[in-house]
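Summary of the model geometry
Each chain is listed here by its residues.
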Amino acid sequence: MIVRTPAEYAALSRVFHEIVHRDPHFKPMTLFDFGSGIGSVVWAAQLVWSSSLIEHMCVDASREMNDIAEVLIKKGSAKHAPIFPGIYFRQFLPVGTDAEYDLTVSSYSLLELPSAASRMEILDKLWKKTKKYLVLLESGSNAGFQVVNEARDFILGTHIHKFDDGDEMRSRQGHAFAPCPHDFVCPRYINDTTPCNFPVRYRPLLPFGNDITKTEYFSFVILRKGRRLESDEQWPRLVRDPLLRGKHVICRLCTKNGSLEEGVLTKGKHLRPLYACARRSHCGDLLPIEPVQCPDPTGSEENEVRMDKEFVDGVKVRYIGES
């Protein structure tokens, strides 16, 4: 339990920073943590939203785990006041569905449930409790990825409806915020045998591990209530570290079309800022480009498109912040 905490905390921190960087105006006041354990989600959330969070609802079936989490929040003694305001511990999910939380999280918990049916039941309840963001995170193994993808398909396939004037229909609309730049079926799940996972570096707690940096692989999805914003560029995401060559970079991307693609950026043909950005990027980063189909060089003169540094090798360059 203690040995796993630094890895889970690092993964949660990276996922939460994804929201912070892309939605800086999001200031959650309420947090719901399913399968809270010793409170890793609360500590990671406080790292990035300490100025706004005022209520934390932590649910874990183990009473002993809740007791340990409460002691840690109270600086090791039940006599002390909690470090963070509004901390509540429960063993079971609240029966009522009226209460909604700005941020709902399930971290390393869905895989512990006994069956797919029980996971779907919990997911339905968590989605109903979500006001804006639902974060699901599991280990980066094949099993963890499959559970995350199963949850993603369930929410996007079951809860997407056309908008109308009714609040109930509007509240059940959602889309994938990260890591997917699309709402289609996961291309890695249907076309590949490797899990869609991302690495994060962390240092284990002493004396439970050596004083060296380790790597945790995790799978996650962030689902957001409401329509996808028009301002969302849906830039492709690197699903593996770029392959660096002498004068070009090979990028393996998940695109907004719901496909896995491989793009090559060269030092001579592409803009230098984009080329430098690709060389310094890592697995999990967004790449500010829009893959497009190259025009047929044998086409008619009317259909010719000038091939310059903004449209080369099937990549249309778009700077960050370009309208």
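Values in this document were obtained by computation on a predicted structure and should not be read as measured data.

1. Comments concerning the overall build of the chain
In terms of helices and strands, the chain carries eight helices and 15 strands. For the chain, the residues scored as buried account for 47% of the 323 residues in total. Only carbon and sulfur atoms are counted for the fraction: they give 53% of the accessible area of the chain, which is about 17,000 Å².

2. Notes on helix α4 (residues 116-129)
Helix length check: α4, at 14 residues, gives a terminal C-alpha distance of 20 Å against a target of 20 Å (1.5 Å per residue), a fit within 8%. Along α4, the residues that are buried comprise Ser118, Arg119, Met120, Ile122, Leu123, Asp124, Leu126, Trp127 and Lys129.

3. A look at the confidence of the model for the chain
Per-residue pLDDT for the chain averages 83, and the proportion of residues at 70 or more is 83%. Taken as a whole, residues 158-171 scores under 50 in pLDDT and shows 21 contacts with residues more than four places along the chain or in a different chain. Confidence over residues 294-323 falls short of pLDDT 50; this stretch has 49 contacts with residues more than four positions distant or in other chains.

4. Topic: unusual backbone geometry
Apart from glycine, the bulk of residues carry a negative phi angle, and the bulk of peptide bonds sit in the trans form. Cis rather than trans, the peptide bond between Ala178 and Pro179 has omega equal to -5 degrees. Among the secondary structure elements, Pro179 is positioned in the loop between β6 (174-178) and α7 (187-191). Phi at Tyr108 takes a positive value of approximately 55 degrees, unusual for a residue other than glycine. Its place among the elements puts Tyr108 in the loop between β4 (101-107) and α4. Judged by relative accessible area, Tyr108 falls into the buried class, the value being 11%.

5. A look at helix α1 (residues 5-22)
Between its first and last C-alpha, α1 extends 26 Å over 18 residues, near the 26 Å set by a 1.5 Å rise per residue. Within the sequence span of α1, burial applies to Thr5, Pro6, Ala7, Glu8, Ala10, Ala11, Leu12, Ser13, Val15, Phe16, Glu18 and Ile19.

6. A closer look at the pairing of strand β3 (residues 87-90)
Covered by surrounding structure in β3 are Ile87 and Phe89 only, the residues Tyr88 and Arg90 on the alternate face being uncovered. Where strand β2 (residues 55-59) meets β3, four bridges bridge the pair, whose relative direction is parallel. From the neighbouring strand, Met57 faces β3, where its bridge partner is Tyr88. Between β2 and its parallel partner β3, the chain crosses via helix α3 (residues 63-73), and the hand of that crossover is right-handed.

7. A short note on the pairing of strand β12 (residues 260-266)
Pairing of strand β11 (residues 248-254) with β12 involves seven bridges; the strand directions are antiparallel. Bridge pairing in β12 places Leu253 opposite Glu261.

8. Concerning the pattern of salt bridges
Scanning the model with the defined rule gives 14 salt bridges in all. One salt bridge in this structure joins Arg22 and Glu18, with 3.3 Å as the shortest N-O distance. Of the two residues, Arg22 and Glu18 are both situated in helix α1; the distance of four residues between them amounts to about one turn of the helix. Accessibility expressed as a relative area gives 15% for Glu18, which makes it buried. Put simply, Glu18, Arg22, Asp183, Arg228, Asp232 and Arg237 are held in one network by salt bridges that share partners.

9. Let's talk about the environment of Leu110
As for its position among the elements, Leu110 is in the loop between β4 and α4. Leu110 sits in the buried class, given a relative accessible area of 1%. Beyond its immediate chain neighbours, meaning those up to four positions away, Leu110 contacts Arg119, Leu123, Leu136, Glu138, Val147 and Ala151.

10. Brief notes about the side chain of Arg188
Within the element layout of this structure, Arg188 appears in helix α7. Leave out the neighbours within four places in its chain, and Arg188 touches Phe145, Thr194, Pro195, Cys196, Val239, Arg240 and Leu260.

11. Looking at the nonpolar core
Within the largest apolar cluster, 40 residues are counted, with the highest numbers of intra-cluster contacts made by Phe16, Ile19, Trp49, Leu103, Phe218 and Ile222. Counting 25 residues, the second-largest nonpolar core is a separate cluster that includes Phe34, Leu113, Val148 and Phe154.

12. Some remarks on the packing of aromatic side chains
In total, this model carries ten aromatic pairs according to the counting rule given. Arranged with centres 5.3 Å apart and planes meeting at 50 degrees, the rings of Phe16 and Trp49 form a pair that is tilted. Residue Phe16 is located in helix α1, and its partner Trp49 is located in helix α2 (residues 40-49); the two are separated by 33 residues in the primary sequence. When its relative accessible area of 2% is taken as the criterion, Trp49 is described as buried. Consider the rings of Phe26 and Trp49, whose centres lie 5.8 Å apart with planes at 85 degrees: the pair is edge-to-face. Separated by 23 residues along the polypeptide, Phe26 in the loop between α1 and β1 (30-34) and Trp49 in helix α2 bring together distant segments of the chain. An aromatic cluster of at least three residues, connected via ring pairs, comprises Phe16, Phe26, Trp49, Tyr133 and Phe177. Positioned over the ring face of Phe177 is Arg22, at 4.1 Å from the centre of the ring. Over the aromatic face of Trp127 sits the side chain of Lys225, whose NZ or CZ is 4.8 Å from the ring centroid.

Thresholds applied
- Residues numbered from 1 in each chain as written.
- Predicted model: local features only at pLDDT ≥ 70, side-chain atom pairs only at ≥ 80, totals over all residues.
- Heavy atoms only, no water.
- Helix = DSSP H or I, 4+ residues; strand = E, 2+ residues; numbered from the N terminus.
- Buried < 20%, exposed > 50% of the residue type's maximum accessible area, 1.4 Å probe, protein only.
- Areas by Shrake-Rupley, 256 points an atom, 1.4 Å probe, with all protein chains shown as cover.
- Expected span 1.5 Å × (residues − 1).
- pLDDT = per-residue confidence, 0-100.
- Contact = heavy atoms within 4.5 Å.
- Pairing = 2+ DSSP bridges.
- Right-handed = clockwise from strand over helix to strand, strands pointing away.
- Salt bridge = Lys/Arg side-chain N within 4 Å of Asp/Glu carboxyl O.
- Core = buried A, V, L, I, M, F, W, Y, C linked by side-chain atoms within 4.5 Å.
- Phe/Tyr/Trp six-rings, centres within 6.5 Å; stacked < 30°, edge-to-face > 60°.
- Lys NZ or Arg CZ within 6 Å of the ring centre and 35° of its normal.

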